Amino acid sequence: VQLVESGGGLVQPGGSLRLSCLASGFTFSSYIMSWYRQAPGKERELVASITSGGGTTNYADSVKGRFTISRDNAKNTVYLQMNSLKPEDTAVYYCTTLVGGRRRWGQGTQVTVSS
């Protein structure tokens, strides 16, 4: 199982970023995918999740209405579109899934929201 995130960077408050996570080593289309984030000095927290077919999504209250999770099963990729970014969104963002009874993580991508 391999998860590779990309798309992070430095953005001004109010800006947008789209994160991508390319998955391999498992049947991507059969698994729920999630994005978590971890800010300095804080615990890792769930940001959003999406069911295997993409029909159901779930968001943390702090990002509802600003972030959108989606997936392309033909490309083995899950996305996180982040709009109206705030300084408190600054964190390392991780793609994750539960395969074979183990939670698998990518290496993370840094998102920094600052003027």
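Structure: see above.
Predicted model only: the values in this text are computed from it and were never measured. (Residues numbered from 1 in each chain as written. Predicted model: local features only at pLDDT ≥ 70, side-chain atom pairs only at ≥ 80, totals over all residues. Heavy atoms only, no water.)

Enquirer: Can you walk me through unusual backbone geometry in this structure?
Expert: Phi is mostly negative for residues that are not glycine, and the peptide bonds are mostly trans. Phi at Asn 76 takes a positive value of approximately 55 degrees, unusual for a residue other than glycine. Here Asn 76 is to be found in the loop between strand S7 (67-72) and strand S8 (77-82). (Helix = DSSP H or I, 4+ residues; strand = E, 2+ residues; numbered from the N terminus.)

Enquirer: What should I look at first to understand the sheet that holds strand S3 (residues 17-24) in this one?
Expert: The strands making up a sheet are joined through hydrogen bonds of the backbone, oriented either antiparallel or parallel. Reading across from one edge, S1-S3-S8-S7 is the order of the 4 strands in this open sheet, with antiparallel pairing throughout. Every interior strand has two partners, whereas the edge strands, strand S1 (2-6) and S7, have only one. Neighbour-to-neighbour, the strand axes of this sheet turn through a mean angle of 15 degrees, independent of strand direction. Taken together, the 6 bridges between S7 and S8 define a ladder with antiparallel strand orientation. (Pairing = 2+ DSSP bridges. Axes fitted to C-alpha atoms, helices over the stretch in contact; angles between N-to-C directions.)

Enquirer: What exactly am I supposed to notice about the pattern of salt bridges here?
Expert: Where charged atoms from two side chains of opposite charge approach closely, those side chains can pair. The tally for this structure, following the rule as stated, stands at 4 salt bridges. Arg 66 serves as the salt-bridge partner of Asp 89, at 2.8 Å between the closest nitrogen and oxygen. Taken together, the residues Asp 89 in the loop between S8 and strand S9 (91-99) and Arg 66 in the loop between strand S6 (57-59) and S7 connect sequence positions 23 residues apart. One exposure class covers both Asp 89 and Arg 66, and it is buried. (Salt bridge = Lys/Arg side-chain N within 4 Å of Asp/Glu carboxyl O. Buried < 20%, exposed > 50% of the residue type's maximum accessible area, 1.4 Å probe, protein only.)

Enquirer: Sorry if this is basic, but what is going on with the environment of Tyr 79 here?
Expert: The topology assignment puts Tyr 79 in strand S8. Between the alpha carbons of Tyr 79 and Val 11 there is a distance of 18 Å; along the sequence they are 68 residues apart. Aside from chain neighbours lying at most four places away, what touches Tyr 79 is Arg 18, Leu 19, Ser 20, Trp 35, Thr 68, Ile 69, Ser 70, Arg 71 and Asp 72. (Contact = heavy atoms within 4.5 Å.)

Enquirer: Sorry, what's going on with the state of the cysteines here?
Expert: A covalent bond bridging the sulfur atoms of two cysteines is what the word disulfide describes. The final tally for this structure, using the stated rule, is 1 disulfide. The partner cysteine of Cys 21 in its disulfide is Cys 95, sulfur to sulfur 2.1 Å. Handedness of the Cys 21-Cys 95 disulfide follows from its S-S torsion of about -75 degrees: it is left-handed. Separated by 74 residues along the polypeptide, Cys 21 in strand S3 and Cys 95 in strand S9 bring together distant segments of the chain. Neither Cys 21 nor Cys 95 differs from the other in exposure class; each is buried. (Disulfide = S-S within 2.5 Å.)

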